[in-house]
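Single-letter residue listing:
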Amino acid sequence: MNNYSDNNIRVRFAPSPTGFLHIGSARTALFNWLYARKTGGSFIIRIEDTDAKRHQEEAIGLILQSLKWLGMDWDEGPNSGGDFGPYRQSERLDIYKENAHKLIEDKKAYICFCSPGDLAKEREVCQKNGGVFKYDRRCLSLPHEEISARKDRGEPYTIRLLVPANEILEFDDIVYGKISVNSGTIEDYIIMRSNGLPTYNYSVAVDDAMMNITHIIRGEDHLSNTPKQLLVYNAMEITPPKFIHLPMILGSDGHKLSKRHGSISIETYQEDGFLPEAIVNYIALLGWAYDEKTTLFSLTDLIDKFSLENINKKSSRFDYQKLLWMNGNYIRELDESLLRELIIKEVRTYLDSEKDLKRLTSGPGIEETIKRITPHIKERVKTVKESIEWLSPFFTILEYNPEMRDYFNNKDLDAVPVLNKIILTLEPLKSRFSSSDIEDSLRELSEELGLSFRKIAEVIRIATWAKKVSPPLFITMEILGYDLTISRISDYQKIIT
Ligand code: GLU
């Protein structure tokens, strides 16, 4: 039985702002968000920004922007506030400190003056001899007076958690099942560094406990951290939340997911013309399935159908081609006026950013062209950005690359006289240059010349489009208009004679 009506459910997404939002972390955010929305619980964002070396302030804004773009909102978080704030760890340092001092008072943590450098050397020697280094607690029984005197002298110190000996630390992960670890394998690890900053396993547990988080949904890479965090809950005498670790996402070749598998930041997908609906749908299927066959889910479907029980522990493979396919699906289903807007924006960005482009000043203009051509390309494009490949010759002065110039060289077809015939055939259509009339006349020409209709179309496509593929040719010619079509054909003729 699940408790989907329990609206005290509180989940959190806790990114470390070290860069953009990527596929893996977007999936973690999504599963948390879906669970909160499904159960009527709260979705919280907490920024884990205490690693000053790796922290990038701008990353916070970018991560939040990407989450919004994907369609996620949050109930508590930085900027939006909430009853359990602050929501940035860097603003919670006093909380970690006070809590650590309470643990010292309760004899569950202690002050340690050992220098990390000395310990690192000891660790190295021990490991060289095949041993497993474990801190030997030499500071655990320092007399009070000595501690005070050394603190007064300004000696740097850390705070270590006193890990109980031989205790079974056990949790029932909703995905990975029962996991238990003997506390004897864990050393008295540092919870507060000498610079006053908390360590990850400590701060994350303090925050989750104090923010009343009920379910921790995060990547499988944190599975091995969980026992250390359980120790903090135990020391604080707080019941731990439920744990749900999400399976690894690998590249299509089974190796660690990276850029070369097509995994780029969510922001880059946005720039590359992916639709948020497609990304969300795709990442929802990385480790979760509703049944064996359904692959297309809207956000509402996902909220409706999502369940933690259907997350599987087998690592999933990121398949860029499948994501592209899915995006193509969403493009086809998108309301046409919305798609048009996206394509117009893409075309404008392209024309403005490519400095060397020679823009065409004639023709029906961007908006009109896109309005007329969109129905004919939406079946073919897989991303909005890809529409540029289909459409750029509508807006730029045609340049024939060497391949296009030599295209008819070794073909048993003399393109120049054929183009002449085409010009003559099209002339009477000057005032009614419609795709159907163009097609009818060219079919007649094909018969007259005894030349296949496909060949005629090929000659026109190379001449008017300078590419081997184009949107449907006669519609394309109609939109280019009579004058531009003819001038392109004549230009090409001149080039190849
Ligand atoms: N800041 C951690 C990360 O980005 C969060 C881990 C957790 O969810 O506990 O991996």
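## A look at the overall build of the chain
Secondary structure assignment for the chain yields 20 helices and 11 strands. A buried classification covers 49% of the 497 residues belonging to the chain. Residue pairs in contact within the chain that sit at least 24 positions apart in sequence constitute 76% of those at least 6 positions apart. Total accessible area on the chain is roughly 24,400 Å²; 49% of this is exposed by carbon and sulfur atoms. Computing the positive centroid from 65 side-chain charges and the negative centroid from 74, the chain places the two 3 Å apart.

## Remarks on the packing of aromatic side chains
Using the criterion set out here, one finds 17 aromatic pairs in the structure. Look at tyrosine 400 and tyrosine 492: their rings are 5.0 Å apart centre to centre, the planes differ by 40 degrees, and that puts the pair in the tilted class. Pair noted here: tyrosine 400 is in the loop between α14 (387–391) and α15 (402–405) and tyrosine 492 is in helix α20 (residues 482–496), with a separation of 92 residues, a long-range link. In terms of burial, tyrosine 400 and tyrosine 492 fall into one category: buried. Feature note: the residues Phe31, Trp288, Tyr290, Phe297 and Phe306 constitute an aromatic cluster, connected by ring pairs. In this structure, arginine 27 packs its charged tip against the face of phenylalanine 31, placed 5.8 Å from the ring centre. Above the plane of the ring of tyrosine 290 lies lysine 305, whose end atom (NZ or CZ) is 5.3 Å from the centre.

## Examining the pairing of strand β1 (residues 10–13)
Because side chains alternate across β1, one face comprises the buried residues Arg10 and Arg12, and the other comprises Val11 and Phe13, equally buried. Note that β1 and strand β2 (residues 42–45) share 4 bridges and pair parallel. Looking at the pairing, arginine 10 lines up with serine 42 of β2. Regarding topology, helix α1 (residues 23–39) serves as the crossover connection from β1 to the parallel β2, and that connection is right-handed.

## Brief notes about the packing of helix α16 (residues 415–426) against helix α18 (residues 453–465)
A pair of packed helices can be characterised by two numbers: the angle between their axes and the separation between those axes. Where α16 contacts α18, the two axes come as close as 10 Å, and the packing angle between them is 90 degrees. One element, α16, and the other, α18, form an angle in the roughly perpendicular class. Contacts between α16 and α18 involve Val418, Leu419 and Ile422 from the first element and Ile456, Val459, Ile460 and Ala463 from the second. Considering only residue class, the contact of α16 with α18 consists of 7 nonpolar, no polar and no charged.

## Quick notes on unusual backbone geometry
Peptide bonds are mostly trans, and most non-glycine residues show a negative phi. In this structure, the amide linkage connecting glycine 85 to the following residue, proline 86, adopts the cis form with an omega of -5 degrees. Locating proline 86 in the fold gives a position in the loop between α2 (57–70) and α3 (93–105). One non-glycine residue, lysine 107, lies in the positive phi region at around 60 degrees. Relative to the assigned elements, lysine 107 resides in the loop between α3 and β3 (109–112).

## Comments concerning the site of the ligand
Around the ligand, the surrounding shell consists of Arg12, Ala14, Ser16, Glu48, Tyr200, Val204, Arg218 and His222. Here alanine 14 contributes a backbone N or O atom positioned 2.8 Å from a nitrogen atom of the ligand. Here a nitrogen atom of the ligand and a side-chain polar atom of glutamate 48 are 2.7 Å apart. With the chains in place, 79% of the 300 Å² that the ligand exposes on its own is no longer accessible.

## Quick look at the pattern of salt bridges
The full count for this structure, using the stated rule, is 34 salt bridges. Two residues, arginine 37 and aspartate 75, come together in a salt bridge whose shortest N-O distance is 3.2 Å. In this pair, arginine 37 is assigned in helix α1 and aspartate 75 in the loop between α2 and α3, connecting sequence segments 38 residues apart. In this structure, a network of salt bridges that share partners links the residues Arg12, Arg46, Glu48, Arg92, Asp207 and Asp208.

## As for the side chain of glutamate 458
For glutamate 458, the position within the fold is in helix α18. For glutamate 458, the residues in contact, after removing those within four places along its chain, are Tyr407 and Phe408.

## Let's talk about a negative patch on the surface
On the surface, Asp440, Glu444, Glu447 and Glu448 cluster together into a patch of negative charge. Along the chain, the position of aspartate 440 falls in helix α17 (residues 435–449).

## Description of the nonpolar core
Core analysis: the biggest nonpolar cluster contains 119 residues, and Leu67 and Ile191 have the highest contact counts within it. By residue number, the principal contributor to this core is α1, which donates 9 residues. When sequence neighbours within four positions are dropped, the list of residues in contact with isoleucine 191 reads Ala100, Leu103, Ala109, Ile159, Arg160, Leu161, Leu197, Pro198, Thr199 and Tyr202. Ala415, Ile438, Leu451 and Ile456 belong to the second largest nonpolar core, which has 33 residues in total.

## As for the sheet that holds strand β4 (residues 158–161)
Spatially, the 3 strands line up as an open sheet ordered β3-β4-β7, and their pairing is antiparallel. Edge positions in the sheet fall to β3 and β7 (190–192), since each of these pairs with one other strand and no more. For this sheet the average axis-to-axis angle between neighbouring strands, irrespective of direction, equals 45 degrees. As paired strands, β4 and β7 are joined by 2 bridges and run antiparallel to one another. By the bridge assignment for β7, isoleucine 159 is matched with methionine 192.

## Describing the environment of alanine 278
Among the secondary structure elements, alanine 278 is positioned in helix α9 (residues 276–284). With residues near it in sequence (within four places) discarded, alanine 278 still touches Leu323, Met326, Asn327 and Tyr330.

## Brief notes about α20
Over its 15 residues, α20 extends 21 Å from the first C-alpha to the last, a length consistent with the 21 Å expected when each residue adds 1.5 Å. For α20, the full list of buried residues reads Tyr482, Leu484, Thr485, Ile486, Arg488, Ile489, Ser490, Tyr492 and Gln493. Buried positions along α20 lie against α15, α16, α18 and α19 (473–480).

Analysis parameters
Residues numbered from 1 in each chain as written. Predicted model: local features only at pLDDT ≥ 70, side-chain atom pairs only at ≥ 80, totals over all residues. Heavy atoms only, no water. Helix = DSSP H or I, 4+ residues; strand = E, 2+ residues; numbered from the N terminus. Buried < 20%, exposed > 50% of the residue type's maximum accessible area, 1.4 Å probe, protein only. Contact = heavy atoms within 4.5 Å. Areas by Shrake-Rupley, 256 points an atom, 1.4 Å probe, with all protein chains shown as cover. Lys, Arg positive; Asp, Glu negative; His and termini not counted. Charge placed at Lys NZ, Arg CZ, Asp CG, Glu CD. Phe/Tyr/Trp six-rings, centres within 6.5 Å; stacked < 30°, edge-to-face > 60°. Lys NZ or Arg CZ within 6 Å of the ring centre and 35° of its normal. Pairing = 2+ DSSP bridges. Right-handed = clockwise from strand over helix to strand, strands pointing away. Axes fitted to C-alpha atoms, helices over the stretch in contact; angles between N-to-C directions. Parallel < 35°, antiparallel > 145°, perpendicular 65-115°, else oblique. Nonpolar A, V, L, I, M, F, W, Y, C, P; charged D, E, K, R; others polar. Near = heavy atom within 4 Å. Polar contact = N/O pair within 3.5 Å; in protein donor to acceptor, adjacent residues only side chain to side chain. Salt bridge = Lys/Arg side-chain N within 4 Å of Asp/Glu carboxyl O. Patch = residues over 30% accessible without salt bridge, like charges linked within 9 Å, V, L, I, M, F, W, Y side chains within 5 Å. Core = buried A, V, L, I, M, F, W, Y, C linked by side-chain atoms within 4.5 Å. Expected span 1.5 Å × (residues − 1).

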